[in-house]
Amino acid sequence: MTNTEQTFRAAVVTEPGGPDPISLVDLPVVPLEPGQVRVAVAAAAVNPVDLAVRDGYMHRLGLIDQPHHTGLGWDFSGTVLEAGPGVDLAPGTRVAGLVGGLDRDFGTYAEQLVLSASDLAAVPDGLDLVEAATVPLNALTALQLVDILGDGEGRALLVTGAAGAVGGYVVPLALERGWRVTGLARPGDEEFVRALGAEFTAVPTRGWDVVADPASLQEQAVALVRDGGRFVGVQPSARPEPERGVTIEVVSIVPDGVALAGLLARTATGELPARVAEVLPLDRVDDAHAAVARGGVRGRYVLVP
Ligand SMILES: NC(=O)c1ccc[n+]([C@@H]2O[C@H](COP(=O)([O-])OP(=O)(O)OC[C@H]3O[C@@H](n4cnc5c(N)ncnc54)[C@H](OP(=O)(O)O)[C@@H]3O)[C@@H](O)[C@H]2O)c1
């Protein structure tokens with residue numbers, strides 16, 4: 001018997017683009033379907049996409065059409081409360097995962113979450129849940145971006161926004177695939193970027209075999225690619241126009257619990273970074289969004305319900 005009369009608290013977008021867009025609401029606990037897991041959320045990261053949803057950008061593009069409210073939050077960590085039919089996960093198991101897609105009425109900014117067991121992974125001992133919540137969206141995006149890049153064979157790759165959340169994973173993962181990596185970041189990020197093993201530049205220069213663009217510089221970054229080279233962006237809804245024979249590719253993340261398990265394991269050993277800027281309670285979601293909107297944040301704001 002599931003506790004269907006109970007409710008849980010979530011932060012959702014009720015007025016996209018409005019003056020007070022986010023509300024805390026009580027939502028009903030629903031029964032699990034086969035293959036699903038109910039998680040007690042311990043921490044949820046604040047990502048740039050959440051600000052775009054809050055501001056109504058995705059609604060205006062026609063990518064979200066929710067009648068009542070739109071869910072916020074993509075990645076999370078927590079503990080299993082209940083496993084649905086066909087799922088072998090004990091209550092209390094520490095997990096992290098990703099909710100994909102934009103057009104949804106639920107998200108990870110919540111006390112509870114129901115998602116497919118295939119979209120999460122166990123959090124290894126030695127990695128705390130706040131750190132684990134910063135991994136899924138950005139590390140998986142970077143891994144899937146680097147899969148698009150393929151093997152570098154010594155070719156020159158510029159990673160824009162190399163000190164950002166996605167860029168900070170693209171750099172080490174691309175180095176492993178044999179790219180000669182230079183990170184474009186702010187002058188104050190030099191030490192961080194070099195510590196990842198990349199060359200560093202604060203000045204965009206031209207002539208790269210490939211540019212990966214986590215800073216979302218878009219056309220400006222396409223202009224840095226050599227004639228006939230490749231650009232890999234991170235904005236599926238705003239694909240830059242090709243020029244000079246440059247191939248344009250764009251990553252669009254899909255949840256992948258198996259790949260996430262590997263990334264969490266590598267974060268637990270310290271091989272990959274886990275960067276937390278600040279931890280705030282869920283009811284201070286507006287403050288977290290305001291801080292991220294100001295820019296210059298290194299590491300993720302994390303909301304704790
Ligand atoms: N396609 C997908 O599936 C997918 C998935 C995840 C994320 N994304 C997108 O990926 C983008 C990056 O996300 P993120 O979480 O990594 O953001 P982030 O942590 O804010 O990183 C972006 C970085 O780029 C830097 N930057 C911006 N302009 C720059 C410039 N001209 N020169 C040097 N550095 C510059 C920023 O520095 P400052 O902070 O100092 O400006 C920041 O360090 C976002 O647009 C996000 O929506 C896409």
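Residues numbered from 1 in each chain as written. Predicted model: local features only at pLDDT ≥ 70, side-chain atom pairs only at ≥ 80, totals over all residues. Heavy atoms only, no water.

(A) Region of interest: the overall build of the chain. The helix and strand inventory of the chain stands at 9 helices and 16 strands. For the chain, the C-alpha radius of gyration of 19 Å lies close to 19 Å, the compact-globule estimate for 305 residues. Its C-alpha atoms give the chain principal-axis dimensions of about 60 × 40 × 35 Å. Considering only residue pairs separated by 6 or more positions, the chain has 64% of its internal contacts joining residues 24 or more positions apart. For the chain, the accessible area works out to roughly 13,000 Å², and carbon and sulfur atoms hold 51% of it. (Helix = DSSP H or I, 4+ residues; strand = E, 2+ residues; numbered from the N terminus. Rg over C-alpha atoms; globule rule 2.2 N^0.38 Å. Contact = heavy atoms within 4.5 Å. Areas by Shrake-Rupley, 256 points an atom, 1.4 Å probe, with all protein chains shown as cover.)

(B) Seen up close, the pattern of salt bridges. On inspection of all chains with the given rule, the structure shows 15 salt bridges. The residue Asp 55 makes a salt bridge to Arg 54 at a minimum N-O spacing of 2.8 Å. Given the relative accessible area of 14%, Arg 54 is considered buried. As a salt-bridge pair, Arg 284 and Asp 287 come within 2.8 Å of each other at their nearest N and O atoms. (Salt bridge = Lys/Arg side-chain N within 4 Å of Asp/Glu carboxyl O. Buried < 20%, exposed > 50% of the residue type's maximum accessible area, 1.4 Å probe, protein only.)

(C) Representation of the packing of aromatic side chains in the model. Across all of its chains, the model carries 0 aromatic pairs by this definition. Positioned above the aromatic ring of Trp 74, the side-chain terminus of Arg 104 is 5.1 Å from the ring centre. (Phe/Tyr/Trp six-rings, centres within 6.5 Å; stacked < 30°, edge-to-face > 60°. Lys NZ or Arg CZ within 6 Å of the ring centre and 35° of its normal.)

(D) Seen up close, the site of the ligand. Around the ligand sit 23 residues, and of these Val 166, Val 234, Gln 235, Val 251 and Arg 300 come closest. According to the grid-proximity analysis, the pocket containing the ligand is the largest pocket. The element contributing the most residues to the shell around the ligand is helix H4 (residues 136-149), with 3 residues. Of the residues assigned to the shell around the ligand, the class counts are 12 nonpolar, 8 polar and 3 charged. Looking at the shell around the ligand, you find at least three residues from each of domain 1 (7-134 + 274-304) and domain 2 (138-250). (Near = heavy atom within 4 Å. 1 Å grid on protein atoms, 1.4 Å probe; cavity = no way out; pocket = protein on both sides within 12 Å on 5 of 7 lines; lining within 4 Å. Sits in = over half its atoms within 2 Å of the grid points. Nonpolar A, V, L, I, M, F, W, Y, C, P; charged D, E, K, R; others polar. Domains from an automatic or database assignment.)

(E) Region of interest: the layout of surface pockets. Considering only enclosed or pocket space, the largest pocket measures out at about 1,500 Å³ in volume. Breaking the lining of the largest pocket down by element, the ones donating at least two residues are helix H1 (48-54), helix H2 (57-60) and H4. The element that contributes the greatest number of residues to the lining of the largest pocket is H1, accounting for 4 residues. In terms of residue class, the lining of the largest pocket is made up of 29 nonpolar, 15 polar and 5 charged. Two domains each put at least three residues into the lining of the largest pocket: domain 1 (7-134 + 274-304) and domain 2 (138-250). Estimated volume of the second largest pocket: approximately 320 Å³. Around the second largest pocket sit 19 residues that line it, and Phe 8, Pro 28, Val 30, Asp 105 and Phe 106 are the ones nearest its centre. If you list the elements that add at least two residues to the lining of the second largest pocket, you get strand S1 (7-13), strand S2 (22-28), strand S3 (36-46) and strand S7 (112-116). The element that contributes the greatest number of residues to the lining of the second largest pocket is S7, accounting for 3 residues. (Points joined across faces, edges and corners; volume = space filled by probe spheres on them.)

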